[in-house]
Amino acid sequence: MVRPYVRTGGRVRPDRDVRLESVVVAAPGPAGELGPDARRVMGLFAVGRGGLAVADIAAALRLPPSTVRIIVSSLMDSGHLAAPAPAAGDRPRNDILQKVLDGLRELV
C-alpha cells in the first residue's frame, strides 16, 4: 500500500477548487512526463470519451477521493485536464427544481 501523501508528492490539498462532483475532460495539448497515478487518471480518458466526475475517477482507480482531487488539480495545472465551463442558459428554472424537490419529499 502506498500512502496518499507519497502519491501526491507530499501535498495535502489541491491548488484549485476541485470537488468530488467536478467534471473534467482531457485537454488537447501538452503531453509531458507524468507520474504513475497521473498516467492512470489520463488512461481513463479514452478517445471519444466525455468528461468524468472526480468521484468517478476515484472509484475507478480505487484511490482515496482526497488524493484524486490533488492529482486532478495537478493535471489541470499542467494542462492535461480541463473543467468545461457550464453554458449560461444550462440551468433549470427554480420553479422546476422546487417541483422536483416537492415530488421527492412526497416519496419519503
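Values in this document were obtained by computation on a predicted structure and should not be read as measured data.

### Thoughts on the packing of helix H3 (residues 54-61) against helix H4 (residues 65-77)
Across the interface, H3 lies against H4 with an axial gap of 9 Å and an inter-helix angle of 115°. Read as a crossing pair, H3 and H4 show a hand that is right-handed. Across from Val54, Ile57 and Ala58 in H3, the residues of H4 making contact are Pro65, Val68, Arg69 and Val72. Looking at the contact of H3 with H4, its residues break down into six nonpolar, no polar and one charged.

### Details of the confidence of the model for the protein chain
Any segment with low pLDDT has predicted coordinates that should not be analysed in fine detail. In the predicted model, the protein chain carries a mean pLDDT of 83, and the fraction of residues at 70 or more is 82%. Taking the mean pLDDT of every element in the protein chain, the minimum, 67, falls on helix H1 (residues 4-7) and the maximum, 94, on H3.

Conventions used here
Residues numbered from 1 in each chain as written. Predicted model: local features only at pLDDT ≥ 70, side-chain atom pairs only at ≥ 80, totals over all residues. Heavy atoms only, no water. Axes fitted to C-alpha atoms, helices over the stretch in contact; angles between N-to-C directions. Helix = DSSP H or I, 4+ residues; strand = E, 2+ residues; numbered from the N terminus. Left-handed = near helix turned anticlockwise from the far one by under 90°. Contact = heavy atoms within 4.5 Å. Nonpolar A, V, L, I, M, F, W, Y, C, P; charged D, E, K, R; others polar. pLDDT = per-residue confidence, 0-100.

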